[in-house]
Amino acid sequence: MKIIDFIFGLGIAFSIFGFLWGIIMFLVNILRRDFKGNREVQDYGLRIVKYFLLVSATANYVVIRPKVGNATSAVPELNELTTIILGVLVLGFYLISKLQRRAMMSQLANNPMFARFSSKIDPKVERFLILGSLIYFALCIQFPDMVNNRVVNWFSESIVNIYNTPVFGWIFAIIAFFFLIRILWDAANVVGALVTGQPINRPNQGGGFGDSEGNPGTNPFDQFRQSQQESDDFVDYEDVTDEEEEGSNESNDVHKLN
């Protein structure tokens with residue numbers, strides 16, 4: 001039961017942090033509206049800051065357990081090893097699901113009308129961001145002093161405060177409940193894949209890597225390969241059609257001469 005409560009508590013931390021970060025990004029976008037520069041570099045810079053604060057605040061929320069009034073962290077205390085393993089798994093599922101949604105949105109960047117509302121993704125950079133975040137989380141659990149500072153404490157205390165606010169707390173509790181269901185579903189899929197000997201990243205694994213027919217879906221690491229295959233198939237089709245039409249015309253000319 002503590003494991004369920006642990007995942008639920010992380011869902012609260014992730015959802016409220018996302019709410020706070022959304023407010024911060026709203027203000028940042030206003031300030032950088034007229035700022036000229038490479039938008040992709042800016043986006044990745046902000047994402048690095050976001051992941052750093054997310055992992056730091058989550059580790060602070062889990063280990064240091066900030067207290068605001070009579071309220072404290074909603075995550076139950078577990079031993080260090082269990083906290084690291086479970087926290088890394090849940091955080092990994094969360095970051096991968098966020099990446100999948102961003103991969104879907106990045107497809108809009110190909111349309112000039114929506115390019116300003118979405119950004120393209122670099123699979124290699126995304127891998128390093130996720131892997132680095134997971135390693136950093138494990139280190140923060142082992143060395144809590146790394147995340148015991150004013151900025152991180154403010155985020156984790158805000159999470160406690162918002163969750164214990166009437167109405168707002170209920171809304172984020174509902175979000176955390178669906179987060180719990182999603183994580184348990186993803187975990188069940190991974191366990192099922194390991195038991196049956198199938199690859200973990202098989203189609204439709206982890207909530208959106210592909211469809212039921214095995215076609216690549218929102219996995220950003222398959223998108224380029226898929227587009228290349230579709231492009232090659234299209235070119236081959238046109239060439240065959242042209243050859244058939246030319247052959248048909250030559251045959252008609254021969255019949256007319258006869």
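**Student:** Before we go on, may I ask you to explain the packing of helix α1 (residues 2-31) against helix α5 (residues 150-163) in this structure?
**Tutor:** Any two packed helices are characterised by the angle at which their axes cross and by the distance between the axes. Their axes nearest at 9 Å, the elements α1 and α5 cross at an angle of 105 degrees. Here α1 is positioned roughly perpendicular relative to α5, judged by the angle of their axes. Here Phe8, Ile12, Ala13, Ile16, Phe17, Phe19, Leu20 and Ile24 of α1 come into contact with α5, specifically with Phe155, Ser158, Ile159, Ile162 and Tyr163. Residue composition of the contact of α1 with α5, by class: twelve nonpolar, one polar and no charged.

**Student:** So what exactly am I meant to see when it comes to a nonpolar patch on the surface here?
**Tutor:** Taken together, the side chains of Phe19, Ile23, Phe26, Leu27, Ile30 and Phe168 present a nonpolar region at the surface, about 580 Å² in accessible area. In terms of residues, the nonpolar patch owes the most to one element, α1, which gives five residues. Take isoleucine 30: it is sitting in helix α1.

**Student:** How should I be thinking about the side chain of arginine 65 in this particular structure?
**Tutor:** Here arginine 65 shows up in the loop between α2 (39-64) and α3 (80-106). Of the side chains with opposite charge, glutamate 77 comes closest to the buried, unpaired arginine 65, at an N-O distance of 4.0 Å. At a separation of 2.3 Å, a polar atom in the side chain of arginine 65 contacts the main-chain carbonyl oxygen of valine 75. With sequence-adjacent residues up to four places away left out, arginine 65 is seen in contact with Asn60, Thr72, Ser73, Val75, Pro76 and Glu77.

**Student:** How should I be thinking about the pattern of salt bridges in this particular structure?
**Tutor:** Oppositely charged side chains can pair when the atoms bearing their charge come close. For the structure shown, the criterion picks out two salt bridges. For the salt bridge of arginine 47 with glutamate 126, the shortest nitrogen-to-oxygen distance reads 3.8 Å. Here arginine 47 is found in helix α2, whereas its partner glutamate 126 is found in helix α4 (residues 123-142), with 79 residues between them in sequence. Arginine 47 gets classed as buried once you look at its relative accessible area, which sits at 12%. Exposure remark for glutamate 126: the relative accessible area of 0% places this residue in the buried category. Arginine 182 serves as the salt-bridge partner of aspartate 186, at 3.1 Å between the closest nitrogen and oxygen. Note that aspartate 186 and arginine 182 are positioned in helix α6 (residues 168-196) at a spacing of four residues, about one turn of the helix. For aspartate 186, a relative accessible area of 1% puts it in the buried group.

**Student:** Explanation requested: the packing of aromatic side chains in the structure shown.
**Tutor:** Aromatic ring pairs are described here by two measures, namely the spacing of the ring centres and the angle between the planes. Throughout the structure, instances matching the rule amount to nine aromatic pairs. The interplanar angle of 80 degrees and the centroid separation of 5.6 Å between the aromatic rings of phenylalanine 14 and phenylalanine 179 together place this pair among those described as edge-to-face. Here the residue phenylalanine 14 occupies a position in helix α1, and phenylalanine 179 occupies one in helix α6, the gap between them amounting to 165 residues. One exposure class covers both phenylalanine 14 and phenylalanine 179, and it is buried. Put simply, the rings of Phe17, Trp21, Trp154 and Phe155 pair up and form one aromatic cluster. Residue placement shows arginine 47 over the ring face of tyrosine 44; its charged tip is 5.2 Å from the ring centre.

**Student:** Where do I start with the nonpolar core in this structure?
**Tutor:** Note that soluble globular proteins tend to have their nonpolar side chains buried in a common cluster. Counting 52 residues, the largest nonpolar core has Phe14 and Val90 as the members making the most contacts within it. Only α1, α2, α3, α4, α5 and α6 provide two or more residues apiece to this core. With eleven residues, α1 is the single largest residue contributor to this core. In this structure, phenylalanine 14 is in contact with Leu54, Thr58, Val90, Leu91, Tyr94 and Phe179, ignoring residues within four places of it in sequence.

**Student:** Sorry if this is basic, but what is going on with the packing of α1 against α2 here?
**Tutor:** For the pair α1 and α2, the least separation of the axes is 10 Å and the interaxial angle reads 145 degrees. Where α1 crosses over α2, the handedness of that crossing is right-handed. Of the residues in α2, those touching α1 at Phe6, Gly9, Leu10, Ile12, Ala13, Phe14, Phe17, Trp21, Met25 and Val28 are Leu46, Val49, Lys50, Leu53, Leu54, Ala57, Thr58, Tyr61 and Val62. Tallied by class, residues from the contact of α1 with α2 come to 16 nonpolar, two polar and one charged.

**Student:** What is the right way to read the confidence of the model for the chain from this model?
**Tutor:** Low pLDDT means the predicted coordinates in that region are not meant to be read closely. Looking at the chain as a whole, its pLDDT mean stands at 77, while 70% of the residues score no less than 70. Of all helices and strands in the chain, the one with the weakest mean pLDDT is helix α7 (residues 220-257) (48), whereas α5 scores best (94). Predicted confidence is poor over residues 230-245, with pLDDT under 50, and the contacts of this stretch with residues over four places away or in other chains come to zero contacts. The model gives residues 254-258 a pLDDT under 50, and that stretch makes zero contacts with residues more than four places away or in other chains.

Conventions used here
Residues numbered from 1 in each chain as written. Predicted model: local features only at pLDDT ≥ 70, side-chain atom pairs only at ≥ 80, totals over all residues. Heavy atoms only, no water. Axes fitted to C-alpha atoms, helices over the stretch in contact; angles between N-to-C directions. Helix = DSSP H or I, 4+ residues; strand = E, 2+ residues; numbered from the N terminus. Parallel < 35°, antiparallel > 145°, perpendicular 65-115°, else oblique. Contact = heavy atoms within 4.5 Å. Nonpolar A, V, L, I, M, F, W, Y, C, P; charged D, E, K, R; others polar. Patch = residues over 30% accessible without salt bridge, like charges linked within 9 Å, V, L, I, M, F, W, Y side chains within 5 Å. Areas by Shrake-Rupley, 256 points an atom, 1.4 Å probe, with all protein chains shown as cover. Salt bridge = Lys/Arg side-chain N within 4 Å of Asp/Glu carboxyl O. Buried < 20%, exposed > 50% of the residue type's maximum accessible area, 1.4 Å probe, protein only. Lys, Arg positive; Asp, Glu negative; His and termini not counted. Polar contact = N/O pair within 3.5 Å; in protein donor to acceptor, adjacent residues only side chain to side chain. Phe/Tyr/Trp six-rings, centres within 6.5 Å; stacked < 30°, edge-to-face > 60°. Lys NZ or Arg CZ within 6 Å of the ring centre and 35° of its normal. Core = buried A, V, L, I, M, F, W, Y, C linked by side-chain atoms within 4.5 Å. Left-handed = near helix turned anticlockwise from the far one by under 90°. pLDDT = per-residue confidence, 0-100.

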